[in-house]
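# Coordinate inspection notes
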Amino acid sequence: MIQHLDVDGVPTLLAATGGPMRAGLTFRVGTADETLASSGITHLIEHLALAPLGLADYHVNGATAQAFTTFHTQGSDADIAAFLTAVCGNLTDLPLARLDVEKEILRTEWSSRGGAAVDNIPLWRHGARDYGLTSYPEWGLGALTADDLREWAARWFTRENAVLWIAGDRVPADLRLALPAGTRQPVPAPSSALPQTPAYFVNGSRAVVLDSVVRRSAAASVFSGVLERELYRSLRQDAGLSYTTTTGYEPRGDGYATLRALADALPEKQDAVLGGFIDVLAKMRVGRIEQADLDATIAKREDILGIAEVDAARLPSYALDLLAGEPTRTVDEHRVELKAVDLAALHEVAKEMSASALLMVPGGLSADWAGFVAAPTHSTEILQGSTYTAKEGNSALRVGVDGVTVLQTDNPLTVRYDDCAAMLVWPDGARQLIGSDAIALHIEPTLYNLNPGTIPAIDAKVPDDRQIAMPARDPDEIPQPQTAVRQHTESADSTWWELPVMVLSGMGVLLVGALSVLLTLAMLLTETEPGEEQLWGAVVVLWLLTVILTLPIVKLQRRRRGR
């Protein structure tokens, strides 16, 4: 059984285990509580709370997710007490001397993170806010101050907004959770950037991925397992098209859950995998679900519920339910819910899944033929304002009092100032405005015929707390009009001969000049004999030739300096 206790005002869960004692302290705060301009603040606090602990002789770690942050450990009573006591102390009095170091560590962590097929899905479903922020870099790190971190920690890392869980037979005697008082924070409401579903978007990944939102239930959890079996049988066993076919079911904390499915494909088989994937979804949507798959999935879940330490294993997810205010259930209640799941219940989940589906398809493919609409990649609104033409092409930039629009053929991009999630700011004048719907427009002053006051006018309209300073770019990274690039290239190509001419002229000057000097000296140091006057004519000719050979060097050098 899971016991409900209290440790220093923090709700505490305790369940017996036959293995090593382990524990976790979970807070109801995550990336979905941030803004794009402050993204990374929760992750940074997590790192600061762990940094002073250094290398431990026992397992310790932390994790920042969309709606929760957890510090967990495994070890002896004394180890667990020391770790969690220190974490709470560091959260209350952040070790800000390590602020810059930990920022760099987080930047390195992001840059070395391998891209996953599902990374962009949150952005397409939710936009550049709440649950969509995990698709973006932690751009807010650079501007975060010590006061920002203290205020965030005081609001979110409190005893009322935490749950402690311990897999063991007792609470460590020396454990102290010295956290400030606060309030339990609700799970953030998810936004949507999709005008309608089912929808699809194109991605460069080789996988086909389904993302959907369904009501949280035992039937939805079982359906995830049934769908995985059907995908495996259809796309791997029967057709031999995929190697990885997998599904996932993750409660969100608001009565709903995310249900995902993935199937990978070779480049030449992507079309076939997409067709087979959609066939499986269509089959289940009309209720063609195998009883054998349902029975096998329920049997597997019952096996898990039957293990000796099931309650200890359930502690982390149980803690999340408690924090989010979701119903908590005993093992017996889970068994009753499982037994009530039938094919009709799975059919209802399949219809929910299909209605909310967002499908990611490989590049070059589409899913409109299967009833999916393309997720928006441009704006429907075009703002009024001053219009600036591009130096090349047919696009134009329109800057108004309410926002900015990039005018492109049938694909305008608009970001309103009052709906701007963030604006990236480069020292060379470039700007990127990102709307809360994830529409992003990039302004390169080198590519538009802008007035000098255009960029400052945009800066003045976007609130300071949404402006993100970006590092200076190498001059070669700043885009230039292709005409200018071609002219520069043609100019470089047309002057390839200059250096060889200068070298040859220089060699001629040295040879003829030296001969001129020697002959002149010889004539001056010897008496002139009758008939040698013509030699002075040769000397004059040599000196004239020396001057003539020098002229190309002088002219070419002046030309090169003038570029």
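Details of the structure are given in the entry above.
Residues numbered from 1 in each chain as written. Predicted model: local features only at pLDDT ≥ 70, side-chain atom pairs only at ≥ 80, totals over all residues. Heavy atoms only, no water.

A word on the overall build of the protein chain. Helices and strands together make up the secondary structure of the protein chain, namely 15 helices and 20 strands. Relative to its length of 563 residues, the protein chain is extended, with a C-alpha radius of gyration of 35 Å against a globular reference of 24 Å. Counting the 563 residues in the protein chain, one finds 45% classified as buried. A separation threshold of at least 6 residues defines the contact pool for the protein chain, and within that pool the share at least 24 residues apart is 74%. As presented, the protein chain carries roughly 27600 Å² of accessible surface, and 56% of it is formed by carbon and sulfur atoms. (Helix = DSSP H or I, 4+ residues; strand = E, 2+ residues; numbered from the N terminus. Rg over C-alpha atoms; globule rule 2.2 N^0.38 Å. Buried < 20%, exposed > 50% of the residue type's maximum accessible area, 1.4 Å probe, protein only. Contact = heavy atoms within 4.5 Å. Areas by Shrake-Rupley, 256 points an atom, 1.4 Å probe, with all protein chains shown as cover.)

Along the polypeptide, D459 turns up in helix α12 (residues 454-461). Judged by relative accessible area, which is 19%, D459 ranks as buried. Here the side chain of D459 touches R431 through a polar contact of 2.9 Å, side chain to side chain. The residues touching D459, leaving out its near neighbours within four places in the chain, are M423, R431 and Q467. (Polar contact = N/O pair within 3.5 Å; in protein donor to acceptor, adjacent residues only side chain to side chain.)

Moving on, we come to the sheet that holds strand β15 (residues 403-407). Taken together, the four strands give an open sheet; going across it, the order is β13-β14-β15-β16, and neighbouring strands pair in antiparallel fashion. Of all strands in the sheet, those bounded by a partner on one side alone are β13 (386-389) and β16 (413-416). Neighbouring strand axes in the sheet, compared pairwise and without regard to direction, differ in orientation by 15° on average. Across four bridges, the pairing between β13 and strand β14 (residues 396-399) is antiparallel. The residue of β14 that forms the bridge with Y388 is L397. (Pairing = 2+ DSSP bridges. Axes fitted to C-alpha atoms, helices over the stretch in contact; angles between N-to-C directions.)

Let us look at helix α2 (residues 77-92). With 16 residues, α2 extends 23 Å between its outermost C-alpha atoms, agreeing within 8% with the 22 Å of an ideal straight helix rising 1.5 Å per residue. If you check which residues of α2 are buried, you get I80, A81, F83, L84, V87, C88, N90 and L91. Residues of α2 that are buried sit in contact with β3 (22-27), α1 (41-50), β4 (59-64), β5 (69-74), α5 (146-156) and β6 (162-167). (Expected span 1.5 Å × (residues − 1).)

With that out of the way, let us pick up the nonpolar core. If you look at the biggest cluster of nonpolar residues, it comprises 43 residues, and the most contacted ones within it are F223, L227, F277 and L359. When contributions to this core are tallied by element, the ones reaching two or more residues are β8 (208-215), α6 (218-238), β10 (256-263), α7 (270-285), α8 (291-305), α10 (331-339), α11 (343-355) and β11 (358-362). It is α6 that contributes the most residues to this core, nine residues altogether. The residues contacting L359, other than those within four sequence positions of it, are A199, Y200, F201, V208, V209, L210, L274, F277, I278, A367 and F372. Membership of the second largest hydrophobic core comes to 39 residues, among which are L48, L106, W156 and L177. (Core = buried A, V, L, I, M, F, W, Y, C linked by side-chain atoms within 4.5 Å.)

Attention now goes to the packing of aromatic side chains. Under the defined criterion, the tally for this structure stands at five aromatic pairs. Here F27 and F71 contribute two aromatic rings whose centre-to-centre distance is 6.3 Å and whose plane-to-plane angle is 85°, an arrangement assigned as edge-to-face. Separated by 44 residues along the polypeptide, F27 in strand β3 and F71 in strand β5 bring together distant segments of the chain. Of the two residues, F27 and F71, both sit in the buried class. In this structure, R252 packs its charged tip against the face of Y131, placed 6.0 Å from the ring centre. Note that R473 overlies the ring of W426, its terminal NZ or CZ placed 5.5 Å from the centroid. (Phe/Tyr/Trp six-rings, centres within 6.5 Å; stacked < 30°, edge-to-face > 60°. Lys NZ or Arg CZ within 6 Å of the ring centre and 35° of its normal.)

Right, let's talk about the sheet that holds strand β17 (residues 420-425) for a bit. Strands sit in the order β19-β18-β17-β20 across an open sheet of four strands; the sheet is mixed. Since the sheet does not close on itself, it has two edges, and those belong to β19 (440-443) and β20 (467-469), each with one partner. Each neighbouring strand pair of the sheet contributes to a mean axis angle of 20°, computed without reference to strand direction. Sheet topology note: the β17/β20 ladder contains three bridges and is parallel.

Each pair of packed helices can be summarised by the angle the axes make with each other and by the distance between the axes. Relative to each other, α7 and α11 sit at 130°, their axes nearing to 8 Å. What the angle tells us is that α7 and α11 run oblique. For the pair formed by α7 and α11, the contact residues are L281, M284 and R285 on the first element and H347, A350, K351, M353 and S354 on the second. Among the residues forming the contact of α7 with α11, the class breakdown is four nonpolar, two polar and two charged. (Parallel < 35°, antiparallel > 145°, perpendicular 65-115°, else oblique. Nonpolar A, V, L, I, M, F, W, Y, C, P; charged D, E, K, R; others polar.)

This brings us to unusual backbone geometry. Only a minority of non-glycine residues have a phi that is not negative, and only a minority of peptide bonds are not trans. T197 connects to P198 through a cis peptide bond whose omega is 0°. In this structure, D8 takes a positive phi of about 55° despite not being glycine. Looking at the secondary structure, you find D8 in the loop between β1 (3-7) and β2 (10-15). A positive phi angle is found at A438, which is not glycine, with a value near 80°. Among the structural elements, A438 can be located in the loop between β18 (431-435) and β19.

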